[in-house]
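# Structural characterization, general
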Amino acid sequence: MTQRISLTRYLIEKQRGHEGQLAGQGAIPPQLRLLLEVVARACKSISLAVTKGALGGVLGTAESENVQGEIQKKLDIIANEVLIEANEWGGHLAAMASEEMEGIYVVPNRYPQGEYLLMFDPLDGSSNIDVNVSIGTIFSVLLKSPEGPAVSEQDFLQPGTQQVAAGYCLYGPQTTLVLTLGEGVAMFTLDREQGSFVLTQENVRVPEDTQEFAVNMSNMRHWDEPVKRYIDECLQGKDGPRSKDFNMRWIASMVADVHRILTRGGVFMYPWDKREPEKPGKLRLMYEANPMGWLIEQAGGAATDGKQRILDIQPTKLHQRVAVFLGSKNEVERATRYHSEAA
Ligand code: P6P
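Note that the structure is a prediction, hence the values are computed from the model and not measured. (Residues numbered from 1 in each chain as written. Predicted model: local features only at pLDDT ≥ 70, side-chain atom pairs only at ≥ 80, totals over all residues. Heavy atoms only, no water.)

Looking now at the environment of Glu-193. Topologically, Glu-193 is positioned in the loop between β9 (185-191) and β10 (196-201). With 37 residues separating them in the primary sequence, Glu-193 and Tyr-230 have C-alpha atoms 46 Å apart. (Helix = DSSP H or I, 4+ residues; strand = E, 2+ residues; numbered from the N terminus.)

Structure below.
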């Protein structure tokens, strides 16, 4: 049974490991602990705004587009502002990057600058906001390179293997914060009466096999052959080469689909699509695929772009996209193998 401690105590005990030089005990420096506490507090505020829905006047679209050319929802903008305002003054960050902002946000000179870089998708799955389906905040933390006078976009262009923390907050029937510091995955459920996140699961594991896949089937005719082969075999069920039946889920909210996979296994795919052949995929590497890929790997799963490990990809642009295959290890390896066989 997981000891029901608060997020604060969990992080303090991780920090104590750092101060006690118990290296390899998931030890974290004080500034990283502060950063994670601030992000968690911002997610509580976002959760409050999300649960108000129509009563809070936060549904519907804003009169603006984001850097991706997507119409922004009012809550996209609110969530982005909450994260910026919560993090800019604490002295733990040098800069932030967001799906909702074209360039990086450098901490203003009136505040001290820290050594961390924070990236986030402030409200992923926002097409689900107006229909009351789960959405979430995804975040990823990097260390700024020590050299260099001023922080720039270049500082963010590090492979996912360089992340020092990553997680998401799922705004669903429960508000759940899921976090990795590189020593496994922990889940915290928001206790609204106390107003704090409480540890409810540690050492999360993704089963290596599954009978559940998550993909937007309406795009099937646009996929390349290896993906069509993989999904077709799943659809053939126990009479086909897989010798087992498969179920399908697609929430169109990556945070919710990934949370299901962390909870009971499964494979999630957003593959390359011939409609926009110049784009490797729809999802973003820096603040969707990298944090989610690390969480899945830390729970014993796998995450590739169909050809290589997502976390090994060297980014060239802040908002670059990537194809994503993640979840139960044996399924991701099979889908990846089909790509290499077709190459
Ligand atoms: P589609 C949400 O917009 C998102 O970025 C992910 O959260 C989700 O998995 C995917 O796009 C849904 O895409 O094309 O099925 O609407």
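As a further point, take the pattern of salt bridges. Under the criterion given, the structure shown has 19 salt bridges. For Glu-13, the salt bridge identified is with Arg-9, shortest N-O distance 2.8 Å. Here Arg-9 and Glu-13 lie together in helix α1 (residues 7-19), a separation of 4 residues that amounts to about one turn. Exposure remark for Glu-13: the relative accessible area of 35% places this residue in the partly exposed category. Owing to a relative accessible area of 39%, Arg-9 belongs among the partly exposed residues under this scheme. In this structure, Asp-257 engages Arg-260 in a salt bridge whose closest nitrogen and oxygen atoms are separated by 2.9 Å. Of the two residues, Asp-257 and Arg-260 are both situated in helix α6 (residues 254-264); the distance of 3 residues between them amounts to about one turn of the helix. Pair check on accessibility: Asp-257 and Arg-260 agree, each one buried. (Salt bridge = Lys/Arg side-chain N within 4 Å of Asp/Glu carboxyl O. Buried < 20%, exposed > 50% of the residue type's maximum accessible area, 1.4 Å probe, protein only.)

Turning next to the side chain of Asp-121. For Asp-121, the location among the structural elements is in strand β5 (residues 116-124). With residues near it in sequence (within four places) discarded, Asp-121 still touches Glu-99, Gly-136, Thr-137, Ile-138, Tyr-287 and Glu-288. (Contact = heavy atoms within 4.5 Å.)

Before going further, it helps to spend a moment on the domain arrangement of the chain. You can read the domains of the chain as domain 1 (7-201) and domain 2 (212-342). The partner domain 2 presents 32 residues to the 50 residues of domain 1 that form the contact. A combined buried area of about 2,900 Å² lies between domain 1 and domain 2, and 64% of that area is made up of carbon and sulfur atoms. Three residues stand out in domain 1 for area buried against domain 2, namely Ile-138, Leu-157 and Tyr-168, and they jointly supply 19% of the buried area on that side. At the junction of domain 1 and domain 2, the tally comes to 1 salt bridge. With a closest N to O distance of 2.9 Å, Glu-99 and Arg-284 form a salt bridge. Seen at the junction of domain 1 and domain 2, the total is 14 residue pairs in polar contact (both at pLDDT 80 or more). Sorting the residues of the side of domain 1 that touches domain 2 by element identifies β3 (93-98), β5, β6 (135-143), α4 (153-156), β7 (165-171), β8 (175-180) and β9 as the ones contributing at least two each. (Domains from an automatic or database assignment. Buried area = accessible area lost by both parts, 1.4 Å probe. Polar contact = N/O pair within 3.5 Å; in protein donor to acceptor, adjacent residues only side chain to side chain.)

What follows deals with the site of the ligand. Lining the immediate environment of the ligand, one finds Asp-124, Gly-125, Asn-216, Trp-250, Ala-252, Ser-253, Met-254, Phe-268, Tyr-270, Lys-282, Leu-283 and Glu-288. Asn-216 places a polar side-chain atom, nitrogen or oxygen, 2.8 Å from an oxygen atom of the ligand. One of the side-chain N or O atoms of Trp-250 is found 2.9 Å from an oxygen atom in the ligand. Protein coverage of the free-state accessible area of the ligand, which is 390 Å², stands at 83%. (Near = heavy atom within 4 Å. Areas by Shrake-Rupley, 256 points an atom, 1.4 Å probe, with all protein chains shown as cover.)

Let us now look at the pairing of β7. Taken across its 7 residues, β7 has 7 buried, putting it largely inside the fold. Neither face of β7 is left uncovered, since the one carrying Ala-165, Gly-167, Cys-169 and Tyr-171 and the one carrying Ala-166, Tyr-168 and Leu-170 both have all their residues buried. By the bridge criterion, 6 bridges tie β7 to β8 in an arrangement that is antiparallel. Note on β8: the bridge partner recorded for Cys-169 is Leu-177. Between the end of β7 and the start of β8, which pair antiparallel, lie 3 residues. (Pairing = 2+ DSSP bridges.)

There is about 700 Å³ of room inside the largest pocket. Lining the largest pocket are 33 residues, and of these Glu-70, Tyr-270, Lys-282, Leu-283 and Arg-284 lie nearest its centre. Elements with a contribution of two residues or more to the lining of the largest pocket: β2 (71-73), β5, β13 (267-270) and β14 (283-284). Residue composition of the lining of the largest pocket, by class: 9 nonpolar, 9 polar and 15 charged. (1 Å grid on protein atoms, 1.4 Å probe; cavity = no way out; pocket = protein on both sides within 12 Å on 5 of 7 lines; lining within 4 Å. Points joined across faces, edges and corners; volume = space filled by probe spheres on them. Nonpolar A, V, L, I, M, F, W, Y, C, P; charged D, E, K, R; others polar.)

Looking now at the sheet that holds β13. Here 5 strands make up an open sheet; going across it, the order is β12-β11-β13-β17-β15 and the pairing mixed. Of all strands in the sheet, those with a lone pairing partner are β12 (247-248) and β15 (302-304), marking the two edges. As paired elements, β15 and strand β17 (residues 324-327) share 3 bridges and run antiparallel to each other. For Ala-303, the partnering residue across the bridge sits in β17 and is Leu-326. Together, β11 (212-214), β13 and β17 form the strand contacts of α6, whose direction differs from that of β17 by roughly 35°. The strands that helix α7 (residues 285-298) touches are β15 and β17; relative to β17, the one it contacts most, it runs at about 30°. (Axes fitted to C-alpha atoms, helices over the stretch in contact; angles between N-to-C directions.)

Moving on: α7. Here α7 lies mainly inside the structure; 13 of its 14 residues are buried. Gly-300 occupies a position one or two residues after α7 and carries a positive phi of about 90°.

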